[in-house]
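# Coordinate inspection notes
Now for the letters of each chain:
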There are 2 protein chains.
Amino acid sequence: MAVSLRLPSLTLTNLFSSPSSLPILRRRRPHGTLLRPPPLAASFSSQRAEAASAQTQDKSKSSKGSDQVITPRSQDFNAWYLDLIANAELADYGPVRGTMVIRPYGYAIWESIQDYLNVKFKETGHSNMYFPQFIPYSFIEKEASHVEGFSPELALVTIGGGKELEEKLVVRPTSETIVNHMFTKWIQSYRDLPLLINQWANVTRWEMRTKPFVRTLEFLWQEGHTAHATPEEAENEAIQMIDIYTKFAYEQAAIPVIAGRKSKVETFAGANKTYTIEAMMGDRKALQAGTSHNLGQNFSRAFGTQFLDETGQMQHVWQTSWAISTRFVGGIIMTHGDDAGLMLPPKLAPIQVVIVPIWKKDEEKVAVLNAASSVKEVLHTAGIKVKLDDSEQRTPGWKFNFWEMKGVPLRIEIGPRDVSSESVVISRRDVPGKQGKVFGISMEPSILVAFVKDKLYEIQSSLLERAIAFRDSNIVDVNSYDDLKVAISQGKWARGPWSATNEHELKVKEETGATIRCFPFEQPEGIKKCFMTGDPAEEVAIFAKSY
Amino acid sequence: MAVSLRLPSLTLTNLFSSPSSLPILRRRRPHGTLLRPPPLAASFSSQRAEAASAQTQDKSKSSKGSDQVITPRSQDFNAWYLDLIANAELADYGPVRGTMVIRPYGYAIWESIQDYLNVKFKETGHSNMYFPQFIPYSFIEKEASHVEGFSPELALVTIGGGKELEEKLVVRPTSETIVNHMFTKWIQSYRDLPLLINQWANVTRWEMRTKPFVRTLEFLWQEGHTAHATPEEAENEAIQMIDIYTKFAYEQAAIPVIAGRKSKVETFAGANKTYTIEAMMGDRKALQAGTSHNLGQNFSRAFGTQFLDETGQMQHVWQTSWAISTRFVGGIIMTHGDDAGLMLPPKLAPIQVVIVPIWKKDEEKVAVLNAASSVKEVLHTAGIKVKLDDSEQRTPGWKFNFWEMKGVPLRIEIGPRDVSSESVVISRRDVPGKQGKVFGISMEPSILVAFVKDKLYEIQSSLLERAIAFRDSNIVDVNSYDDLKVAISQGKWARGPWSATNEHELKVKEETGATIRCFPFEQPEGIKKCFMTGDPAEEVAIFAKSY
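Residues numbered from 1 in each chain as written. Chains lettered and ligands numbered in written order. Predicted model: local features only at pLDDT ≥ 70, side-chain atom pairs only at ≥ 80, totals over all residues. Heavy atoms only, no water.

## A short note on helix 11 (residues 362-381) of chain A
Since there are 3.6 residues in each turn of an α-helix, residues three or four apart along the chain are aligned in direction. Residues and elements named next belong to chain A. An ideal rise of 1.5 Å per residue puts 28 Å on 20 residues; helix 11 measures up with 29 Å between its terminal C-alpha atoms. Its buried side turned inward, helix 11 meets strand 15 (353-357), strand 16 (386-388), strand 17 (410-414), helix 13 (416-421), strand 18 (423-428) and helix 14 (445-472). The first or second residue beyond helix 11 is Gly 383, which carries a positive phi of 85 degrees. (Helix = DSSP H or I, 4+ residues; strand = E, 2+ residues; numbered from the N terminus. Expected span 1.5 Å × (residues − 1). Contact = heavy atoms within 4.5 Å.)

Here it is in C-alpha cells:
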C-alpha cells in the first residue's frame, strides 16, 4: 500500500520539460512606492470583537477595487501582506479575535489546493470521512505529550442546550484522540489494516498571535490518519505523504520547500517523528507548510487500538497523521507576491487569464466585445480558466491594476486595432511593463490557445525558478555558532552539522530567535562535525526564524 | 441573476426519456425475516459517552461484513434503519452523545451530493467561501425570532486558551448572523448586489432526540446566503434554490419530494417565508429534506446591512438563505432501502457496479480474474464507477449479500463458464432473485457498456417511479378534521384545504401528532373550503407526522 513516492531530486529539469521553460529573470518594477500610513495593517491580534462591532457602523470602509496602493513589500512586509489580503479580497477579519473570513477569491485558491490533493490522497488508497469536532476532555489527557502540547490552546464547550455539561468538550485542535477511539472499535485483525482515511475539516487552536491564513484561531485543513500492521509500513506512509506534499509545493504552488525531519524539540506532540516541508517566505522567514507524523504506537497504546496479527498475537497498531491547511494560502502570497499584489502560479490560479476589452467610441464597443467574447469562448473550450471583465463601471487601467492585485497570471487586451488585425496583446503578471508584453498574437484559435498554454507553463516554471534562486541565495552554510549568529542576524537561513542537545537547541532559539526547521532529506556527503559542540554529526540541520 | 428554474411539472416523462424507462414493478422477496433481537437498534439518544468509552474495551464487536441479517423493515423501521447504517458501514456513533462519525461509504454518498450541488450553485452564480464557526453570543440575540428559535439548541464555548471568555461564543447553529455582520462591511452600493455566496460547513445544534443522519448534534451541510436590491429578486432566488433542490431530489436521488411553502408556525426562525421539499420515508413519515428561506429585511435591519440604491437612497438589503445537509443521506436510506439493506440510486452511488468473480478450482482462477479485470477496465474507461471484489477471504455468496447491503445497483458475476462463453451475468439490486438477473451478456465492450448504462438508467428511473407510486398511494385527500384523523392514524399523509389559525394548527399537532409539512406549489383548481373551519381557503396543505 504505502509505496514511497520519494522524489529522487527535485530540480527544474524533471518538473518542466518545455523548451520555453527558462526565461531570463527580470527585476520587479518600482511600483507603488508612495509613502503613506498602511490603511489595513492593524495587527490581527489586537483586533477585538468590540472594535469589529463598532466598525460595522463605520461607513468609511475601504472601497472595493484597487485605486489604492498597498504598502511596499520592502518597507513593511507585514503591512504589505495585510494590505494585499484586503485589496485582493482574499480574507477579512471575523468578529471574534483571531478569526478569519475566507472570501470567495481566497477560498477558490483553497479549492484548487483541495482539488489536487484530494485526487492524490484517493490515488494512494485513502478514503474521506468525517469525525465529530467535539471531543471529550478526558480523551485529550490520555496521551501524555499530546495533552501537554495542546492544552494551552484549547477552546472548551461547557454549556449545551442551556445546561452545564458534566464533561467539558474540546473543540478539535486535531483529531488523533477521537480517531483512535473509533479505530479501536473498527480494527480487530490484520485484515482490517492498513486503515487509510482523511478528513477535510475545520480545527480550532486558541492562538495568541494571529495573522490571516498563517495562524488563525480557526482554520481549515485536511488531516490524514492511518493505522498499519508494522512500523515499516507506518514509516513508508509518513514518507509517502510528505513526498506528496513536496511534489504539490514544487509542481503546483511553485514553492521550493525543503523537506526533512523535525528535531525532537520541534516534533508534534504525540509523534515519534515529524516530517515537514519548510518554505522560505519573501521576508526570508520560514513557514512550516505541511507536516507528516510517524506516531508509532503512542496513540494506539493510549487508546488500546490493537489487532490480531497473522501469527495470532495481539499487537498495537502503528500510525501516522499528516496535514496541510489554509496556512498554505499565506505561503503562496508570501512566496510570490510583489508590490503590485498577489502573483499566482497558473496551476492554482482560480482565473488564469483575464480579458480586458478596450474601446473609446461607442461604434467600437460591439466589435471589441464580440471579439473578446469569442476569445473567451476559445480559451474556455481549451480548458483554460478565463474571465472576461466587460464591466463598464471601470476604466481599462483600473482593471489592469485590479487583476494584477489579484495575481492573475496572464492578461489579454483587445482594442479596436486588435480587432481589425485579428490579434490580441498578452501581458504576463510576473514580468512587468513592456518586457512582459507581446503584441499581435493571432486570434486564430489553435495559435492563440497554444501561445496561452505555453505562456502559462512558462510562468509556472519561472515562478519556481525565481523562488529557488531566492531560496538558495539566502541559505548560508555555517561551521560555527558565530557563523550562525551572523547568518540569522542578516535574516538568512543557516545550514550546518548538528548533533548537540535539546538544551543547545533552545539556547540558539533564545539567543538568536532561530529554531531548527528541519534536518533536510538531502544531505551533503562527507564527515561532519557539530558546529556547536565539535562532536561528530551525522546530519546538517537548517536553522531559521519562522512564522 | 436570479432567474427562476421553476420546474413546470415534475413527472417521469420529462425526467427520463429512455425507451427502457418503464419496467414493471415487482414485489420484494421475503428476505431476512428471521426473528431475533435487533443487535444495533439501541437508541442513539440514550447512548452516552461513558457507555461508548466502556465499549472500546468490548471485543465482541459486530464483525465487518454481512453474515448478519438486519431487523426486517416491516417489523421495526427504526431498528432496521440503525441496523442498516451499521451493516452497510455508513456511520457510527461518536463518543459524545448524539454525535456521529460518517464512515467512508456514507461520506462518499455525501460527496456525490456535494459534487452535483456544487456545480449547480456555481452555474447559478454563487461563490463558495468560509465564515468562522464561533459567533459572539450578542449576535444571536439581535434578531428576535432567531434567538427564540435557536437559543435552546446552542453549544457555547466559555473557555479559550485556559481562560474564561468575556463573551460566550456560540458554535454556529446556522450563519445568518455572522454573514450579516460581514455583509454590512462589504455592501455599500447597488453595484455590490446581488451578493451570492455559499459555504460547506459543519453546524451544531444541541438536539435532545437524535438519530444518525436525520438529527445529530453536529452535522454537515451547505448554507447559501444571498443579498439583493429588491424583494422580487430575493423571492426569485429563494424559489430558484428550492427548485434546484427539487430537481436534485427527483433526478439524482430518485426521491419524489413535494415542494411547497411552510406554514407560519413552521417557518424558519427569522424568515418571512420558508420553502421546503418534503419526502415520504418508507414508514410514511415525512422528512424535511431541504429548505430555502426568504429572509426579507429581518437580518439586514437587525445588522444594519444597507446599500445606496440607484436613486441615491439608503435601503436595507433583501436576503435569502438555503440549505441541504447530511440528513439527506438518511432520506435516501429510508426511501429506497429494503430488508436486504441499502438501495442506492445509480446517479449517487459511490459504486455503481460490483464485479464478483467466481471460481472453485485453482486452474479456473487466473482465467476468471483476468476476465473480471478486463471487464472492470472496460467499464471504468466508459466512466462507470466499478469495483472488482477479488478478495479471497470471502465466498461469492457472502459478497453478494455484502454488496446488496451496501446498495450497489448492479452486480456482475463472472465464472468459468462465462469466461468460455465470453459473457457475464448481471443482477439488479432493485429486482431480487431470478427476475432481476440476466445471463449471457456479451463481454464485447460496446455491447457490455451499452447494456450496463441502460440498466443503470432503468434502475434510476424505476426507483423514482416506485417511490412516486408509494407516495401517491399514501396521500389522502381530506375534507374534514375527522377525515384527517383517520388518515393520520393510518400513518398516511392528509391533504386538504386550509385557512385556519395557528392555534388550530397546533391543536391538530397535539391531537394527532401531525404538522403542516407544506402548502404544495402544485395546487388543485377550483373553490376550496377549509376542512377545519369551513371558511374559504385558497390552498390545500399537507399534514403528516414527521422526523
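## Section: the UniProt feature "domain: Aminoacyl-transfer RNA synthetases class-II family profile" (unreviewed entry) in chain A
Per the UniProt record, "domain: Aminoacyl-transfer RNA synthetases class-II family profile" (unreviewed entry) is annotated on residues 97-345 of chain A. End C-alpha atoms of residues 97-345 of chain A are separated by 31 Å, and the span's content is 32% helix alongside 33% strand. (UniProt positions renumbered as here; feature names shortened; annotations may be inferred.)

## Things to note about the sheet that holds strand 18 of chain A
All names here are of chain A. One open sheet accounts for five strands, arranged 16-15-17-18-19; its pairing is mixed. Strand pairing shows two members of the sheet lacking a second neighbour, strand 16 and strand 19 (437-442), which therefore form its edges. Taken over all neighbouring pairs, the strand axes of this sheet differ in orientation by 25 degrees on average, direction set aside. Here four bridges tie strand 17 to strand 18, and the two strands are oriented antiparallel to one another. Looking at the pairing, Ile 412 lines up with Ile 426 of strand 18. Where helix 14 meets the sheet, its contacts fall on strand 15, strand 17, strand 18 and strand 19, and the angle it forms with strand 18 comes to roughly 5 degrees. (Pairing = 2+ DSSP bridges. Axes fitted to C-alpha atoms, helices over the stretch in contact; angles between N-to-C directions.)

## Some remarks on the domain arrangement of chain A
Residues and elements named next belong to chain A. By the assigned domains, chain A splits into domain 1 (92-336), domain 2 (353-456) and domain 3 (475-545). For domain 1 and domain 3, the distance between their C-alpha centres works out to 28 Å. Across the domain 1 to domain 3 interface the summed buried area is about 1,700 Å²; carbon plus sulfur atoms make up 60%. Contact with domain 3 buries area across many residues of domain 1, yet Ile 258, Arg 261 and Arg 284 alone supply 33% of it, more than any other trio. For the pair domain 1 and domain 3, the interface holds two salt bridges. A salt bridge links Glu 278 to Arg 517, with the nearest nitrogen and oxygen atoms 2.9 Å apart. At the boundary of domain 1 and domain 3, one finds nine residue pairs in polar contact (both at pLDDT 80 or more). At the level of elements, helix 8 (231-251), strand 9 (258-261), strand 10 (273-280) and strand 11 (286-296) are the ones that each hand at least two residues to the side of domain 1 that touches domain 3. When residues in the side of domain 1 that touches domain 3 are grouped by element, the largest group, five residues, is from strand 10. (Domains from an automatic or database assignment. Buried area = accessible area lost by both parts, 1.4 Å probe. Salt bridge = Lys/Arg side-chain N within 4 Å of Asp/Glu carboxyl O. Polar contact = N/O pair within 3.5 Å; in protein donor to acceptor, adjacent residues only side chain to side chain.)

## A few points about the packing of helix 4 (residues 104-123) of chain A against helix 10 (residues 327-336) of chain A
For any two helices packed against each other, the geometry comes down to the angle between their axes and how far apart the axes lie. All names here are of chain A. In the contact formed by helix 4 and helix 10, the axes pass within 10 Å of each other and the chain directions differ by 110 degrees. On the basis of the axis angle, helix 4 is roughly perpendicular to helix 10. Counting all contacts with helix 4, which are made through Ile 109, Trp 110 and Ile 113, the residues of helix 10 involved are Phe 328, Val 329 and Ile 332. Considered class by class, the residues forming the contact of helix 4 with helix 10 number six nonpolar, no polar and no charged. (Parallel < 35°, antiparallel > 145°, perpendicular 65-115°, else oblique. Nonpolar A, V, L, I, M, F, W, Y, C, P; charged D, E, K, R; others polar.)

## So, the sheet that holds strand 8 (residues 218-228) of chain B
Residues and elements named next belong to chain B. Strand order in the open sheet formed by 11 strands is 3-7-8-14-11-10-9-22-25-21-20, with mixed pairing between adjacent strands. A strand with exactly one partner marks an edge of an open sheet, and here the two such strands are strand 3 (127-128) and strand 20 (475-477). Pairing of strand 3 with strand 7 (residues 195-204), which is carried by two bridges, proceeds in the parallel orientation. Looking at strand 7, one finds that Ser 127 is bridged to Ile 197. Where helix 10 (residues 327-336) meets the sheet, it contacts strand 10 (273-280), strand 11 (286-296) and strand 14 (318-325), and its direction lies at approximately 145 degrees from that of strand 11.

## Focus on the interface of chain A and chain B
How big an interface is tends to be expressed through the accessible area that disappears when the partners come together. Taken together, the contact pairs 67 residues of chain A with 66 residues of chain B. Across the chain A to chain B interface the summed buried area is about 5,600 Å²; carbon plus sulfur atoms make up 60%. The interface formed by chain A and chain B contains 27 residue pairs in polar contact (both at pLDDT 80 or more). Looking at the side of chain A that touches chain B residue by residue, the classes come out as 33 nonpolar, 21 polar and 13 charged. Relative to strand 5 (residues 155-160) of chain B, strand 5 (residues 155-160) of chain A runs antiparallel, the two sharing five bridges. Counterpart to Leu 156 of chain A in the pairing with strand 5 of chain B is Ile 159 of chain B.

## Here we look at the relation of the copies chain A and chain B
The transformation that overlays chain A on chain B combines an axial shift of 0.0 Å with a rotation of 180 degrees, and the residual RMSD is 0.0 Å. The superposition operator between the copies reduces to a two-fold rotation axis. Every residue of chain A has its C-alpha some distance from the rotation axis, and the shortest such distance is that of Val 157 of chain A, at 2.1 Å. Both copies share a contact surface, since 99% of the interface residues of chain A are interface residues in chain B too. (Least-squares fit on C-alpha atoms with pLDDT ≥ 70 in both.)

## Thoughts on the confidence of the model for chain A
Here chain A averages 90 in pLDDT, and 88% of its residues register 70 or above. For this predicted complex, the interface confidence reaches an ipTM of 0.89, while the overall pTM sits at 0.89. (pLDDT = per-residue confidence, 0-100.)

## Some details on the environment of Asp 535 of chain A
Residue and element names in this part refer to chain A. Note on placement: Asp 535 falls in the loop between strand 23 (528-529) and strand 24 (536-537). A sequence separation of 36 residues divides Asp 535 from Ser 499, and the C-alpha atoms of the two residues are 7.0 Å apart. Excluding its chain neighbours within four sequence positions, the residues that come into contact with Asp 535 are Ser 499, Lys 528, Lys 529 and Cys 530.

## Here's the deal with the pattern of salt bridges
All names here are of chain A. One pass over the full model with this rule turns up 42 salt bridges over all chains. The closest approach of N and O atoms between Arg 495 and Asp 477, which form a salt bridge, is 2.8 Å. Placement of the pair is Arg 495 in strand 21 (residues 493-497) and Asp 477 in strand 20 (residues 475-477), with a sequence separation of 18 residues. The class of Arg 495 is partly exposed, set by a relative accessible area of 26%. Here the residues in one salt-bridge network are Glu 404, Arg 411, Glu 413 and Lys 437, joined through shared partners. (Buried < 20%, exposed > 50% of the residue type's maximum accessible area, 1.4 Å probe, protein only.)

## Overview of unusual backbone geometry
Residue and element names in this part refer to chain A. A cis amide bond links Leu 193 with the next residue in sequence, Pro 194, at an omega value of -5 degrees. Topologically, Pro 194 is positioned in the loop between helix 7 (176-186) and strand 7 (195-204). Backbone geometry at Arg 284 places phi at a positive 70 degrees, although glycine is not the residue there. Relative to the assigned elements, Arg 284 resides in the loop between strand 10 and strand 11.

## Comments concerning the pairing of strand 6 (residues 163-171) of chain A
All names here are of chain A. Where strand 4 (residues 134-136) and strand 6 come together, three bridges link them in antiparallel fashion. Directly across from Pro 136, in strand 6, lies its bridge partner Leu 169. Pairing geometry for strand 5 and strand 6, over four bridges, is antiparallel. Its bridge partner lying in strand 6, Val 157 is registered against Leu 169.

## Observations concerning the packing of aromatic side chains
Across all of its chains, the model carries 34 aromatic pairs over all chains by this definition. With centroids separated by 5.4 Å and ring planes inclined at 35 degrees, the aromatic side chains of Tyr 116 of chain B and Phe 248 of chain B adopt a geometry described as tilted. In this pair, Tyr 116 of chain B sits in helix 4 (residues 104-123) while Phe 248 of chain B sits in helix 8 (residues 231-251), placing the two residues 132 residues apart along the sequence. Classification of Tyr 116 of chain B as buried rests on a relative accessible area of 13%. Site record: aromatic cluster; members linked through ring pairs are Trp 110, Phe 121, Trp 200 and Trp 322 of chain A. Residue placement shows Lys 285 of chain A over the ring face of Tyr 547 of chain A; its charged tip is 4.4 Å from the ring centre. (Phe/Tyr/Trp six-rings, centres within 6.5 Å; stacked < 30°, edge-to-face > 60°. Lys NZ or Arg CZ within 6 Å of the ring centre and 35° of its normal.)

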